[in-house]
Amino acid sequence: MAGFLTLDTATLSSLHRKLLLEYEGFKKKNLKLDMSRGKPCPEQLDLTNGLLSSLDGNYLAEDGTDCRNYGGVEGLPEARRLFAACLGVQPEEIMVNGNSSLALMHDLIARAMLFGVDDQERPWGERPVKFLCPSPGYDRHFALCELFKIEMIPIPMQQDGPAMEEVEELVAHDESIKGIWCVPMYSNPTGVTYSDEVVTRLATMKTKASDFRIFWDNAYALHHLTDQPDRLLNILQACKEANNPDRVYIFSSTSKISYAGAGVAMLASSVKNIRRLAKLMSFQTIGPNKLNQLCHVRFFKDVANIQAHMKKHAALLRPKFDLVLEILQTELGNKNIATWTKPNGGYFISLNTLEGCAKKVVRLAAEAGVIFTKAGATFPYGYDPRDQNIRIAPTYPPLHELKLAMELFTICLQLASIEKILNDRTTQSVTLSTIKAKIV
Ligand SMILES: Cc1ncc(COP(=O)(O)O)c(C=O)c1O
C-alpha cells in the first residue's frame, strides 16, 4: 500500500471512517489490558520454581557464615563470585546487596548528594547538579533525577549509543555535570547495545568534573532473545585502561532472571568505590538478605547455568516479540507512519509515530481499555519534544491478549496519523490562501 502521505484526502477520509468503526468495535469488547511495564510473565517466574526450597535446611555459606544471622554488607563470597562472573568483573569489584538495582541507584545518588562520591570530593548536593540523559531512555532514571532536583540534559540516542560528540563537548566544559545514565545493553526502550567505540569514548573522555560518574545500568546483560546475542565491551576494564578506574558504577539484578522484586541486586565498580560504599551502607543495614543470595547461588550454581536458564526465558519471550513485530509489519508496513525497533534482547520495542501523534495514540488506546506506557515517559521531565516515542512492553500479557492489544494499537496509530495528515493539509491550505490573499 502506498504511504499514507501520498493518499488523497478523500481516500484518507474514507479509510478513517472504516478504522473508526473498527475502533468502536474494540471499545465494545470492554478490554482491560496493561502493556505499560516490562514485567516478566507468570510462566517466566515458574522457571525459577525450586529456588526457594534450594537450601534444604543448610543455611551455611561456604565460609561458614550462618546466613540466618546478621552481617556481610558486601554480600556472600560465593554470590559475589557468581555475579562477578556474569558481569565480567572480579569478586572484590562487586557487592551483592538488596533486591533491587533501582534502590541501589537511588541510594547511591542520595549518598553522593550528602557525602560525595569520593572522600576527596565535596558532596554533590552543595551545588546544582546536572545529569546527561540519553533519550529515549528509562523513565525511572529520569524520575530519580527529578526527585533529587538534578537537572536533566537530553542526549539523542543513536544506533550505537548516545551521541558522543555532544556528550564529550558537554562534560568537557561543565563542572556541574556529574553523571550520565546508560542502559548499555538492549537499552530500555530502544534495544540498542552500545558499540565498542562508544564505551571506549565514555571511559576515556575528559570531564571538567573530577567526580563525574557513569551510571551503567546493565539490567539486560544476559537477556538475549536470539542465538546471535549482542556483545558489550567491558566498561570497568576500559575505565581502568583509560586511567579513570573509579568512573563507573555498574548496576544489575536478577529481577528478570529469578523473581522481580525478590531477586538479588548488585553493584560493581573499582575496589576503592566498593569499599567506600560498603562502609557507608553499613550505617544503613547490618547486612543484606543472605538467605536469598544463598538460594540464588545454590539454584543457579554457575554462569553457564544462568545462561541456559536465560534461553528458557527467551523461548517464552521470543513468540511475544515476534507477534508484536508481525502485527506492526502487517498493519503498518509501507504506510510510512511509524518506525520501530527489532531488538536482539531486553524487554521492549520502541516505536516512533509521525511527529505529534504519540500522546493521541496512547490516549485512544487507553479509552478502548489498553494501557501503554505514558507517551513522553521515555524522555526527561516526561516531555518528548516531537511527541512521537511509544514504548511497547510485550513480555507480560499472554499471546491472545497481546494480539488484541496490538491490533487495537495499530488502529489507534492509523487514526491518529490520518487525523494529523488531514489537519496538516488544512493548515497548509489555510496558510497558502492567506499568503495569496496578502499578495492580491
Ligand atoms: C533499565 C532498567 N533498570 C532497572 C530496572 C529495575 O531493576 P530492579 O528490579 O533491579 O530494581 C528496570 C526494570 O524494568 C530497567 O528496565
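Residue positions are counted from 1 within each chain, in the order its sequence is given. The model is predicted, so local features are restricted to residues of pLDDT at least 70 and side-chain atom pairs to those at 80 or more, both for listing and for counting; the totals for chains, interfaces and linings are taken over all residues.

**Student:** Is there a simple way to explain the domain arrangement of the chain in this structure?
**Tutor:** The extent of an interface is frequently quoted as the accessible surface area lost upon association of the parts. Taken domain by domain, the chain comprises domain 1 (4-44 + 308-424) and domain 2 (77-301). The gap between the C-alpha centroids of domain 1 and domain 2 is 30 Å. Each residue gets a C-beta atom placed from its backbone, and two residues are in contact if those atoms lie within 7 Å. Listed as interface residues are 23 residues of domain 1 and, on the opposing side, 26 residues of domain 2. The numbering of helices and of strands both runs from the N terminus, where a helix is a DSSP run of H or I of at least 4 residues and a strand a run of E of at least 2. Of all the elements in the fold, those that place two or more residues in the side of domain 1 that touches domain 2 are helix H11 (303-332) and strand E13 (389-392). Considering every element that reaches the side of domain 1 that touches domain 2, the biggest residue donor is H11, with six residues. Side-chain classes are defined by residue name, with Ala, Val, Leu, Ile, Met, Phe, Trp, Tyr, Cys and Pro counting as nonpolar, Asp, Glu, Lys and Arg as charged, and the others, Gly among them, as polar. Looking at the side of domain 1 that touches domain 2 residue by residue, the classes come out as twelve nonpolar, eight polar and three charged. For the purposes of this description, domain bounds are those given by an automatic or database domain assignment.

**Student:** For this particular structure, what's the right way to read the site of the ligand?
**Tutor:** Using the backbone to place each C-beta atom, any residue with that atom within 6 Å of a molecule or strand is considered near it. Near the ligand, the surroundings consist of 13 residues, among which Ser100, Ser101, Leu102, Ser253 and Ser255 are the closest. Residues belonging to the shell around the ligand are distributed by class as follows: six nonpolar, six polar and one charged.

**Student:** Please clarify how helix H7 (residues 196-204) should be interpreted in this entry.
**Tutor:** Given 3.6 residues per helical turn, the α-helix brings residues three or four places apart onto the same face. Those residues of H7 lying buried are Val198, Val199, Leu202 and Ala203. Down the axis of H7, the buried set is contained in an arc of 130°. They therefore lie on one face. In H7, the exposed residues that point more than 90 degrees away from the buried face are Asp196 and Glu197. In the core, the buried residues of H7 are packed alongside strand E5 (161-162), helix H6 (164-173), strand E7 (213-217) and helix H8 (235-241). Comment: burial labels come from other C-beta atoms within 10 Å of the residue's own C-beta, placed from the backbone, where a count of 20 or more is buried, 12 or fewer is exposed, and between is partly exposed. Each direction from the helix axis to a C-beta atom contributes to the arc, which is the arc of those directions.

**Student:** I keep staring at the sheet that holds strand E11 (residues 349-353) and nothing clicks. Help me out?
**Tutor:** Think of a sheet as strands paired side by side through backbone hydrogen bonds, with each pair either parallel or antiparallel. Spatially, three strands are ordered E10-E11-E13 in an open sheet, and the strand pairing comes out antiparallel. Among the strands making up the open sheet, the edge pair consists of strand E10 (338-340) and E13. Looking at each pair of strands side by side, their axes are set apart by 25° on average, direction ignored. A pair of strands is labelled paired if DSSP reports no fewer than 2 bridges between them. Summarising the sheet, E11 and E13 pair through four bridges and their orientation is antiparallel. Note that in E13 the partner of Ile349 across the bridge is Ile392. Each of E11 and E13 touches helix H12 (residues 358-367); the most contacted strand, E13, lies at about 40° to it. Only C-alpha atoms enter the line fits that serve as axes; for helices the fit covers just the stretch in contact. Angles between N-to-C directions range over 0 to 180 degrees.

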